[in-house]
Amino acid sequence: PFRALQNHMASECAFCKIVQGELPAHKVFEDAQTLAFLDLNPITPGHVLVIPKEHHEWLLDLPIQIQGPLLETVQRVARAILKATNAQGFNVGMNNGRVAGQIVFHAHFHIIPRYAGDRLTHWPGHSGDERSLKDLCEKIAAAMEKR
Ligand code: AMP
Ligand code: ZN
């Protein structure tokens, strides 16, 4: 029962409160399973968060039936952002886990509109050596769970 309650709605979760109307938000779209609202600290103008209405902590907890509707909302909102602003592209991002910078533990996708000259920089990459690429490829492939 505890697990079920936690998955449905966490009483101290800010995003659940937005879903319940107990916290205000600049909502741009809502349907049966998903909600999209402006990030209070936009990386660029028009930065939107897309969440499942049900409380799930991170990507790995999202039930398969929610994944499709969630991505559909990401796509529809991104299209609306491109129409409503002069953004020419966008990044979709998701922080999963504290070490990845996740602060709100209610799964959410960031849609970050990109504007020519917005001066955001790309994640740094380091060229991989063949040995470790091969090694990691084998480890990850072997760790894949059956559906
Ligand atoms: P993260 O968990 O790292 O994706 O960060 C949480 C994001 O949610 C940050 O970008 C915050 O600016 C944003 N945020 C937190 N609380 C609210 C809120 N009540 N309304 C809108 N955005 C929020
Ligand atoms: Zn929540």
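To start, this report covers the structure provided alongside it. (Residues numbered from 1 in each chain as written. Chains lettered and ligands numbered in written order. Predicted model: local features only at pLDDT ≥ 70, side-chain atom pairs only at ≥ 80, totals over all residues. Heavy atoms only, no water.)

Side note on the site of ligand 1
Alright, step 1. The full set close to ligand 1 counts 15 residues, and Asp 39, Gly 101, Ile 103, His 108 and His 110 are the nearest of them.
Alright, step 2. One of the backbone nitrogen or oxygen atoms of Val 104 is found 3.0 Å away from an oxygen atom of ligand 1.
Alright, step 3. Side-chain polar atom of His 110 to an oxygen atom of ligand 1: 2.6 Å apart, as the coordinates give it.
Alright, step 4. Contact with the protein chains covers 83% of the free accessible surface of ligand 1, which is 510 Å².
Alright, step 5. Mapped onto the shell around ligand 1, the elements with two or more residues apiece are helix H2 (14–20) and strand S2 (34–38).
Alright, step 6. When its residues are assigned to classes, the shell around ligand 1 shows 8 nonpolar, 6 polar and 1 charged. (Near = heavy atom within 4 Å. Polar contact = N/O pair within 3.5 Å; in protein donor to acceptor, adjacent residues only side chain to side chain. Areas by Shrake-Rupley, 256 points an atom, 1.4 Å probe, with all protein chains shown as cover. Helix = DSSP H or I, 4+ residues; strand = E, 2+ residues; numbered from the N terminus. Nonpolar A, V, L, I, M, F, W, Y, C, P; charged D, E, K, R; others polar.)

Some details on the coordination of the zinc ion (ligand 2)
Alright, step 1. The zinc ion (ligand 2) binds to the protein through Cys 13 (SG), Cys 16 (SG), His 55 (ND1) and His 106 (ND1), with metal-donor distances spanning 2.0 to 2.3 Å.
Alright, step 2. Taken together, the 4 donor atoms surrounding the zinc ion (ligand 2) define angles of 106 to 118° at the centre, an arrangement classified as tetrahedral.
Alright, step 3. Overall, His 55 belongs to the buried group, its relative accessible area being 4%. (Donors = N, O, S within 2.8 Å, 3.2 Å for Na, K, Ca; no water. Tetrahedral: all angles 85-135°; square planar, octahedral: opposite > 155°, others 65-115°. Buried < 20%, exposed > 50% of the residue type's maximum accessible area, 1.4 Å probe, protein only.)

Here's the deal with the sheet that holds strand S5 (residues 109–114)
Alright, step 1. One open sheet holds the 5 strands; their spatial order is S1-S2-S3-S5-S4, and the pairing between them is antiparallel. Either end of the sheet is taken by a strand with one partner, and the two such strands are strand S1 (27–30) and strand S4 (89–93). With strand direction ignored, the average angle separating the axes of adjacent strands in the sheet is 20°.
Alright, step 2. Along the sheet, helix H3 (residues 64–84) makes contact with S1, S2, strand S3 (48–52), S4 and S5, crossing S3 at roughly 160°. (Pairing = 2+ DSSP bridges. Axes fitted to C-alpha atoms, helices over the stretch in contact; angles between N-to-C directions. Contact = heavy atoms within 4.5 Å.)

Observations concerning the pattern of salt bridges
Alright, step 1. Inspection of every chain in the model, using the stated rule, returns 5 salt bridges.
Alright, step 2. Put simply, Asp 118 and Arg 114 hold a salt bridge, and the shortest N to O gap is 2.8 Å.
Alright, step 3. The partner of Lys 134 in a salt bridge is Glu 138, and the shortest N-O contact between them spans 3.1 Å. With a gap of 4 residues between them, Lys 134 and Glu 138 both fall in helix H4 (residues 130–143), about one helical turn apart. (Salt bridge = Lys/Arg side-chain N within 4 Å of Asp/Glu carboxyl O.)

A short note on the side chain of His 55
Alright, step 1. Mapped onto the fold, His 55 is located in the loop between S3 and H3.
Alright, step 2. Here the side chain of His 55 touches His 106 through a polar contact of 3.2 Å, side chain to side chain.

Observations concerning the packing of aromatic side chains
Alright, step 1. This structure, assessed with the given rule, holds 1 aromatic pair.
Alright, step 2. Where Phe 15 meets Phe 37, the ring centres are 5.3 Å apart and the plane angle is 80°; that geometry is what we call edge-to-face. Taken as a pair, Phe 15 in helix H2 and Phe 37 in strand S2 lie far apart in primary sequence, 22 residues in all.
Alright, step 3. On the accessibility criterion, Phe 37 (3% relative accessible area) is buried. (Phe/Tyr/Trp six-rings, centres within 6.5 Å; stacked < 30°, edge-to-face > 60°.)

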